[in-house]
Amino acid sequence: MTAEEFIKLRDFIYRKTGIYFEEHKMYYVRNRVESRIKATGHENFRSYFTWMRFDVTGQELQELVNLLTVNETYFFREYYQLKCFAEEVLPEILDRKCEEKVRMIRVWSAGCSTGEEPYTLAIIMEEMLEGIERVMWEVHATDINTEVLERAEMGIYSSRSVRLVPEEYKKRYFIQHGELYEVIPELRNKVKFYQLNLMDAVAMRKMVGFDVIFCRNVLIYFDDASRRQVALYFYEALAEGGYIFLGHSESMSRITPIFKLRRFKNAFVYQK
Amino acid sequence: MQESRINELLNLMKKGRSENERIMAVLDLGEATGERVVKALAEQFELETSRVVQEAIVSSLIKIGDKYVAESAAEFLKSDDAYIRNAGVEILSVIGDSALEVLEKMIKYPDKDVRQLAVNAVGESNLKKSPMLLRKVIEEDEEENVVAAAIEYLGEIGSSEEDRKVIMQAASRFSSPFFDYTVKIALKKLAESK
C-alpha cells in the first residue's frame, strides 16, 4: 500500500466512522489491510479497495474496522477513576435521585472493547449498591467492533486481564478454569452489549438518560471535529448533572467547553 | 434535504422547546447545504446564549465546510467575543480548500488583529498553499506581531529553501528581542525538519 493509497483508505474510514489514522499509523494500518487483501483473495490494494467501497452490505468495512480497532485492556484499569466513581460519584447520584420512587442508575461504557471495563463497572455497582433500597442499575456497553463485542459477551478472560481484580471479587464474580476466568452469568446478564458507531447520529440519539459515561482512550482515534460531534452526542445522552470519565491523558476542555470540570478527591470528571 | 425539512429545522434551532431539541436541529442542519442554511447558522451562532448550541453550530458549519461557511467564519474573526473569534479560526483551519480564497483575502484585512487571526488559521490548516500564504505575510505585512506569527508557523510547517530564505530576509525588518527570538527558533525548526 502506497502513501496515496493509505490516504485514500484513511479518508474513506474517516467518512464512514469518524476514526482518523495519522500518517505515523500507516505501518499499523498497512499490515492489517494486507491481511484483509489476502483473506479476501484480492491481488492488490486497488481491487480490494474498490470492492470494499461498493460492498453494499458494509461487511468488509466492518471486518477491517474490527482489525483496526482492537484495544488491549484489563479489569480495574485506572483504579483511581473507579474509586472516584464508586466513592464520590455514585453517592452524589443516589442523593440526587432520593426523591424518586425507584432510583434507576444507568451507566454507559462507550468503546467497551472486550468487556473488561463494563464488567468492572458492574462489579462496582453490585458492591456499592447492594442492600440499598429502591435502587436499580444498568450497564450499557458499546463498541464499533463486532468481534470484540462477541468476545465481551462470552466473558472469558486470561489471568493477565484479571490481575488487578481483588481476590475477594475474583472469588465472587468469576469461575476459574485453569488459567482462564469466566464472568459469572448473574453479572454477565446485567451488562447489555451492542454495536454502536459513536458518529452515527441516528443510533446516538437513542442513547438517552445516562447518569455516567465512561469513554476512556476512545476519542484519541478521532480528529478534532469528530471529537466535538461525539461530545455533543454525549451531552444529549446524559441526564442533567450526568458525568463523563475520559482516559487519564485526555481532556474534554480541549474538545469543547460545554462540560464543567469537577475536581473530586480521586480524579477529575466532566459533568453536564 | 427538502426545503420544508430545512425550514422546520431552522425553526426548531431558534424556538425548540428544550436545549436538546435545539441541539438536535442544529446537528441535523449539518447534513444540509446551501447559503441560506449557512447564513442562518452563522447568524444564530452570534446571537446564541447557550454554549452547547453554539458548539453544535460550529460542528455543523465544519461538516458543511463550503465557501459560504468560510465567508461566515471570516466574519467571526471580527467579533468582540473571543469565543466567536476562536471558532472562526478553528472553522477556517479545518474546512480545507474551501477556505483558501477567504484566507487569501483575510491576510490583507485592514485590522491587524483580524490579520493575525487569519494567519493563525492559515498556520493551523493543512493547505498545500499555507507556506506560500505565510511567506506572503512575512514579506508584505507591516505589523510585527502578525509577521512574527507567520514566521512561527512557517517554522513549524515549512520545509523548502524558499521558506528559509524568506525568514532570513525578514530578520532585519523588526529589531525587538521578541522578533529576533522568533526568527531564531523558526530557522532552528526548519533546519531540524530537513
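Structure: see above.
Keep in mind the model is a prediction, meaning the values are calculated, not measured. (Residues numbered from 1 in each chain as written. Chains lettered and ligands numbered in written order. Predicted model: local features only at pLDDT ≥ 70, side-chain atom pairs only at ≥ 80, totals over all residues. Heavy atoms only, no water.)

Caption draft 1: Representation of the overall build of chain B within the structure. On a plain count of helices and strands, chain B comes out with 12 helices and zero strands. In terms of its C-alpha atoms, chain B occupies a principal-axis envelope of roughly 60 × 30 × 25 Å. Taking all 194 residues of chain B together, the buried fraction comes to 52%. Of the roughly 9600 Å² of accessible surface on chain B, 47% is carried by carbon and sulfur atoms. The averaged location of the 36 negative side-chain charges in chain B is 2 Å from the averaged location of its 27 positive side-chain charges. (Helix = DSSP H or I, 4+ residues; strand = E, 2+ residues; numbered from the N terminus. Buried < 20%, exposed > 50% of the residue type's maximum accessible area, 1.4 Å probe, protein only. Areas by Shrake-Rupley, 256 points an atom, 1.4 Å probe, with all protein chains shown as cover. Lys, Arg positive; Asp, Glu negative; His and termini not counted. Charge placed at Lys NZ, Arg CZ, Asp CG, Glu CD.)

Caption draft 2: View of the interface of chain A and chain B. Between chain A and chain B, the residue contacts involve 13 residues of the former and 16 residues of the latter. Where chain A abuts chain B, roughly 1300 Å² becomes buried across the two surfaces, and 54% of that area is made up of carbon and sulfur atoms. Taken together, the links from chain A to chain B amount to three salt bridges. Summed over the shared surface of chain A and chain B, the number is seven residue pairs in polar contact (both at pLDDT 80 or more). Class assignment for the residues of the side of chain A that touches chain B results in seven nonpolar, two polar and four charged. (Contact = heavy atoms within 4.5 Å. Buried area = accessible area lost by both parts, 1.4 Å probe. Salt bridge = Lys/Arg side-chain N within 4 Å of Asp/Glu carboxyl O. Polar contact = N/O pair within 3.5 Å; in protein donor to acceptor, adjacent residues only side chain to side chain. Nonpolar A, V, L, I, M, F, W, Y, C, P; charged D, E, K, R; others polar.)

Caption draft 3: Just the packing of helix H2 (residues 26-39) of chain A against helix H4 (residues 59-68) of chain A, in detail. Residue and element names in this part refer to chain A. It is at 10 Å that the axes of H2 and H4 come closest, and there the two elements cross at 135 degrees. Here H2 lies oblique to H4, going by the angle between them. Remark: the crossing between H2 and H4 carries right-handed chirality. On H4, the residues that touch Tyr28, Val29, Arg32, Val33, Ser35 and Arg36 of H2 are Glu60, Glu63, Leu64, Leu67 and Leu68. (Axes fitted to C-alpha atoms, helices over the stretch in contact; angles between N-to-C directions. Parallel < 35°, antiparallel > 145°, perpendicular 65-115°, else oblique. Left-handed = near helix turned anticlockwise from the far one by under 90°.)

Caption draft 4: Spotlight on the packing of aromatic side chains. Residues and elements named next belong to chain A. With the rule as written, the count across this model stands at 22 aromatic pairs over all chains. Centroid distance tyrosine 14 to tyrosine 20: 5.6 Å. Interplanar angle 85 degrees. Geometry classified as edge-to-face. Given a relative accessible area of 24%, tyrosine 14 falls into the partly exposed group. In this structure tyrosine 20 comes out as partly exposed when scored by relative accessible area, which is 24%. With a centroid separation of 4.4 Å and 0 degrees between ring planes, the pair formed by phenylalanine 214 and phenylalanine 245 is classed as stacked. Pair noted here: phenylalanine 214 is in strand E7 (residues 210-215) and phenylalanine 245 is in strand E8 (residues 238-246), with a separation of 31 residues, a long-range link. Like phenylalanine 245, phenylalanine 214 is buried. Looking at lysine 25, its charged tip hangs above the ring of tyrosine 28, at a distance of 5.1 Å from the centre. Positioned above the aromatic ring of tyrosine 74, the side-chain terminus of arginine 163 is 4.4 Å from the ring centre. (Phe/Tyr/Trp six-rings, centres within 6.5 Å; stacked < 30°, edge-to-face > 60°. Lys NZ or Arg CZ within 6 Å of the ring centre and 35° of its normal.)

Caption draft 5: Geometry of a positive patch on the surface. Residues and elements named next belong to chain A. On the surface, Lys8, Arg15, Lys16, Arg46 and Arg53 cluster together into a patch of positive charge. Where the positive patch is concerned, the elements lending two or more residues are helix H1 (3-17) and helix H3 (45-53). Residue position: lysine 16 is located in helix H1. (Patch = residues over 30% accessible without salt bridge, like charges linked within 9 Å, V, L, I, M, F, W, Y side chains within 5 Å.)

Caption draft 6: Region of the structure containing the pattern of salt bridges. Tallied over the entire structure, the rule returns 33 salt bridges over all chains. A salt bridge links arginine 172 of chain A to glutamate 127 of chain A; its shortest N-O distance comes to 2.4 Å. Of the two residues, arginine 172 of chain A is situated in helix H8 (residues 167-173) and glutamate 127 of chain A in helix H6 (residues 116-129); the sequence distance between them amounts to 45 residues. When its relative accessible area of 35% is taken as the criterion, arginine 172 of chain A is described as partly exposed. Linking lysine 189 of chain B and glutamate 156 of chain B is a salt bridge whose minimum nitrogen-to-oxygen distance equals 2.7 Å. Pair noted here: lysine 189 of chain B is in helix H12 (residues 177-193) and glutamate 156 of chain B is in helix H10 (residues 144-157), with a separation of 33 residues, a long-range link. Using a relative accessible area of 32% as the deciding quantity, one classes lysine 189 of chain B as partly exposed. Here glutamate 156 of chain B falls in the partly exposed class, since its relative accessible area comes to 48%.

Caption draft 7: Just the sheet that holds strand E6 (residues 191-195) of chain A, in detail. Residues and elements named next belong to chain A. Pairing in this open sheet of seven strands is mixed, and the strands run E6-E2-E1-E7-E8-E10-E9 from one edge to the other. Looking at which strands have only one partner, the edges of the open sheet turn out to be E6 and strand E9 (260-263). Taken pair by pair, the neighbouring strands of this sheet meet at an average axis angle of 25 degrees, ignoring direction. Across eight bridges, strand E1 (residues 103-110) lies against strand E2 (residues 135-143) in parallel orientation. Bridge pairing in E2 links serine 109 to alanine 141. H6 contacts E1, E2, E6 and E7 of the sheet and is inclined by roughly 175 degrees relative to E2. (Pairing = 2+ DSSP bridges.)

Caption draft 8: Region of the structure containing the environment of serine 193 of chain B. Among the secondary structure elements, serine 193 of chain B is positioned in helix H12. Taking the C-alpha atoms as reference points, serine 193 of chain B and serine 160 of chain B, 33 residues apart in sequence, are found 9.9 Å from one another.

Shape is all these values report; function is a separate question.
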